Amino acid sequence: MDSEDVSPFGYDAFRRSCPSHAVLETLASKWVYLVICALRRGRLRNGELARKLEGITPKMLTQTLRILERDGLVRREVFPVIPPRVEYELTELGQNLAGLLNQIRAWSEQHVPDIKNARARAAKQQEDLDA
């Protein structure tokens, strides 16, 4: 095993029994990823998040926010007004993660043409094999 694969924190994500698998599984959700990136600039209400995240269903947004709150990445604040107002913001832990995820988001946006071209080449090769 490479020395860079060994965590100074005592966890090894390459081991089947490592608890970090649960963290990685959560982070693999595109909605978790996008909610964290959306909250990076500050507090948002549920409706604001729903408008920003095109295609997310109300149920999926609620589930995602609950997961993020449970994991200590998002803080939920309920204001005692009628109708109730709820706002979400990243915790310090969430802000720390958001910086990393934002870099990945920027990389993916930058390299969309490269990925699209690679997929087109692969489809053409498969087409040629099938012919």
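Refer to the structure presented above.
Residues numbered from 1 in each chain as written. Predicted model: local features only at pLDDT ≥ 70, side-chain atom pairs only at ≥ 80, totals over all residues. Heavy atoms only, no water.

(A) Seen up close, the packing of aromatic side chains. According to the stated counting rule, one finds zero aromatic pairs in the structure shown. Arg85 extends its terminal NZ or CZ atom over the ring of Phe79, reaching a point 3.9 Å from the ring centre. (Phe/Tyr/Trp six-rings, centres within 6.5 Å; stacked < 30°, edge-to-face > 60°. Lys NZ or Arg CZ within 6 Å of the ring centre and 35° of its normal.)

(B) Molecular detail of the pairing of strand 2 (residues 74-79). As paired elements, strand 2 and strand 3 (residues 85-90) share six bridges and run antiparallel to each other. Within the sheet, the bridge partner assigned to Val78 lies in strand 3 and is Val86. The hairpin turn running from strand 2 into strand 3, its antiparallel successor, is five residues long. (Pairing = 2+ DSSP bridges. Helix = DSSP H or I, 4+ residues; strand = E, 2+ residues; numbered from the N terminus.)

(C) Representation of the pattern of salt bridges. This model, assessed by the stated rule, comprises eight salt bridges. Residue Arg43 is joined to Glu77 by a salt bridge in which the shortest nitrogen-to-oxygen separation is 2.2 Å. A residue pair is termed long-range when its members are at least 10 positions apart, and Arg43 in the loop between helix 2 (30-38) and strand 1 (44-45) and Glu77 in strand 2 qualify at 34 residues. Using a relative accessible area of 34% as the deciding quantity, one classes Arg43 as partly exposed. For Glu77, a relative accessible area of 30% puts it in the partly exposed group. The partner of Asp128 in a salt bridge is Lys124, and the shortest N-O contact between them spans 3.0 Å. One end of the pair is Asp128 and the other is Lys124, both in helix 6 (residues 112-130) and four residues apart, which spans about a single turn. Residue Asp128 is classed as partly exposed on the basis of its relative accessible area of 47%. Salt bridges sharing common partners tie together Arg43, Arg75, Glu77, Arg85, Glu87 and Glu89. (Salt bridge = Lys/Arg side-chain N within 4 Å of Asp/Glu carboxyl O. Buried < 20%, exposed > 50% of the residue type's maximum accessible area, 1.4 Å probe, protein only.)

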